[in-house]
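Residues per chain, in single letters:
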Amino acid sequence: MGGQYRLLGILLAVLAVLVLVVGGLSAALLIGGGEETGGNGGTTTSSPSEAGPDASEGGETVEAASGRLRLPGIDPITLDPHLVTDTGSAQYVAEIFSGLTTISPDLELALDLAESFDISEDGRVYTFTLRPDALFHNGRRVTAADVAWSIDRALDPETSSLVALSYLGDIVGARERRLGRSETLEGMRVVDERTIEFTLDAPKPFFLWKLTYPTAWVVDSQQVEANPRNWTRNPNGTGPYQLKEWRLGERIVLEASDRYYEGTPSVKEVLFELSGGSTLTRFENGELDVAGIGVNDLERAQDPSSDLGPLYSNSVEMSISYLAFNTEAPPFDDVNVRRAFAMAIDRAKVAETVFMNAWLPATGIIPPRVPGYTAEDKTYTFDPEGARAALAASSYGSPEGLPPITLTEMGGGASASIDTQAFLEQWREELGVEVQVRQTDRATLTADLDDGRLQIFVDGWSMDYPDPESVIDLKFHSTSPLNDVRYQNTAVDALIEAARVEQDPERRLQLYRDAEQILIDEAAWVPLYFPLAHVVVAPRVEGWFAPPLIMPRLRFVTVTE
């Protein structure tokens with residue numbers, strides 16, 4: 001009880017500088033960028049003189065136009081689907097490019113460039129037939145050779161994709177191709193102009209889901225080979241939209257493709273405003289059609305009688321915010337130290353007091369709306385006495401026996417984010433442990449994680465497809481390149497490997513749940529929150545939805561006047 005009151009005191013003391021922070025990939029899905037800060041990876045595709053008559057000049061407001069949707073956005077780090085790893089970039093990539101399969105608005109698996117597919121009796125051979133009306137933006141027909149070239153390029157070591165093996169590694173020979181041990185991909189065969197075949201190393205029921213990730217999407221080989229360094233300035237994709245303009249730090253304009261196989265999308269032009277400032281203010285000024293709602297404006301937005309109330313909605317994202325421990329770095333190489341840190345913080349009180357219930361306390365690792373999720377809280381509850389007992393039972397014995405500890409989080413402020421400050425205070429009060437904070441940018445954080453330099457860090461993970469494999473396997477199998485906590489457990493590996501090939505859906509989900517419980521018990525992660533997307537949408541916009549993961553959505557929206 002005393003710990004709860006101490007937490008409440010520190011939270012109230014710093015509410016005046018309230019900041020909503022999330023690490024990793026989970027923030028940008030809110031409204032297609034929101035107020036997240038982007039990278040500097042882009043160049044312009046049009047000069048000012050090439051802009052249309054409705055484009056803004058000198059920072060002036062872009063007026064609403066019939067068929068135009070105005071959204072906040074950020075500069076993408078890359079528009080190369082084989083290299084994209086952040087949601088800020090992927091929101092554009094998902095509209096410009098496409099692959100064999102996709103995710104529908106109701107989160108079902110759907111065919112995209114593929115017209116049909118067949119799976120062999122042993123579950124290892126997937127044969128896809130392409131749509132006859134699948135075209136690149138320049139009108140060239142998409143062939144099986146284009147698909148094969150794109151998959152091979154993603155795995156080519158010269159492409160240096162960080163995630164190719166995570167999403168294409170089930171294809172026979174993928175590892176050898178990615179590591180430069182083979183010049184070809186053994187498990188891929190072009191049957192004819194419209195047919196392509198993949199042979200997997202084992203029956204993998206989630207393979208079709210993995211093909212919905214950008215790493216598996218089709219690029220124009222002719223364009224890439226003709227201009228390998230700068231082809232993304234004007235990418236020739238196959239998606240419902242094509243890049244019309246990109247002014248670094250100002251705006252990105254997507255234009256509906258009249259060659260898209262489903263027909264020209266209803267919204268003819270989508271303008272992403274890249275300038276900073278409050279998206280809600282710009283929304284209220286009539287400059288944007290959609291805006292995210294932060295904590296400070298949440299009460300007003302949720303009031304049905306307010307000006308924002310009729311325009312407000314929220315939805316659960318398929319993502320999780322978490323504290324993670326490097327299980328090979330002292331003192332978190334000891335499971336009891338990890339457990340002590342997990343039990344010494346009150347996530348529920350933070351969610352209520354700091355975030356005003358804008359986010360949900362996480363009940364596990366598998367997020368809501370993902371098969372395998374359960375609402376039952378499986379995490380460590382706030383238990384100061386149990387935390388002290390766990391620390392005493394560790395090989396370090398006491399606070400005095402611990403080495404210096406530094407927590408790393410994304411950010412650049414003068415102090416740690418508000419919830420991190422609360423956790424630091426609780427570790428100090430309940431365990432007698434002083435933890436220092438280091439703030440850094442995403443690129444540095446990723447590099448440090450790859451090199452194993454961090455002890456404890458705050459991060460987030462967004463699901464790439466609605467299947468527990470997308471988090472349990474990718475983040476915790478001992479051989480996964482995305483296992484940045486360096487967690488190793490033979491029992492967890494065995495459960496994950498069994499789930500990979502299990503054909504019974506319920507049995508498969510139970511294997512992931514069993515693995516999830518071990519991961520929570522051993523505190524590889526401390527699940528913190530399941531983010532909610534809070535948004536207001538102008539009355540002129542119909543069919544808007546905040547996607548819980550990366551998926552095409554703009555063609556399902558209409559704009560009226």
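Described in the following lines is the structure provided in the data block.

Bringing the nonpolar core into the picture now. With 47 residues, the main nonpolar core has L323, F341, W427, L431 and I456 as its most contacted residues. In terms of residue count, helix α13 (residues 418–431) provides more of this core than any other element does, six residues in total. Filtering out sequence-adjacent residues up to four positions away, F341 remains in contact with F325, F332, I405, W427, L431, V433, V435 and I456. The next biggest cluster of nonpolar side chains, apart from the first, holds 44 residues, and it includes V163, W209, L511 and F530.

Across six bridges, strand β15 (residues 405–410) lies against strand β16 (residues 435–440) in parallel orientation. Within β16, the residue paired with E409 across the bridge is Q439. In the sheet, β15 pairs with strand β17 (residues 456–462) via two bridges, with the strands oriented parallel. In the strand pairing of β17, T408 is matched with F457.

Within this structure, the stated rule accounts for 20 aromatic pairs. When the ring of Y260 is compared with that of Y261, the centres are 4.6 Å apart and the planes differ by 40 degrees; the resulting orientation is tilted. Taking relative accessible area as the criterion, Y260 reaches 6% and is therefore assigned buried. Classification of Y261 by relative accessible area gives buried; the value is 12%. Taking the centre distance of 3.5 Å and the plane angle of 10 degrees together, the rings of Y322 and W525 count as stacked. One end of the pair, Y322, is in strand β13 (residues 319–325); the other, W525, is in strand β18 (residues 525–530), and 203 residues separate them in sequence. With respect to class, Y322 is no different from W525; both count as buried. Among the aromatic residues, ring-to-ring pairing joins F117, Y126, F128, F198 and F207 into one connected group.

Our next topic: the sheet that holds strand β12 (residues 312–316). Strand order in this open sheet of three strands is β11-β19-β12, and the pairing throughout is antiparallel. Two strands close off the open sheet at either side, each with one partner strand: β11 (290–292) and β12. On average, each strand axis in the sheet is tilted by 30 degrees relative to the strand beside it, whichever way the strands run. Here β12 pairs with strand β19 (residues 532–537) via five bridges, running antiparallel.

A separate point is the environment of Y92. Topologically, Y92 is positioned in helix α2 (residues 87–96). Separated by 19 residues in the primary sequence, Y92 and G73 place their C-alpha atoms 9.5 Å from one another. The contact partners of Y92, leaving out residues within four places of it in the chain, are G73, I74, P76, L79, I252, F272 and L274.

Basis of the calculations
Residues numbered from 1 in each chain as written. Predicted model: local features only at pLDDT ≥ 70, side-chain atom pairs only at ≥ 80, totals over all residues. Heavy atoms only, no water. Core = buried A, V, L, I, M, F, W, Y, C linked by side-chain atoms within 4.5 Å. Buried < 20%, exposed > 50% of the residue type's maximum accessible area, 1.4 Å probe, protein only. Helix = DSSP H or I, 4+ residues; strand = E, 2+ residues; numbered from the N terminus. Contact = heavy atoms within 4.5 Å. Pairing = 2+ DSSP bridges. Phe/Tyr/Trp six-rings, centres within 6.5 Å; stacked < 30°, edge-to-face > 60°. Axes fitted to C-alpha atoms, helices over the stretch in contact; angles between N-to-C directions.

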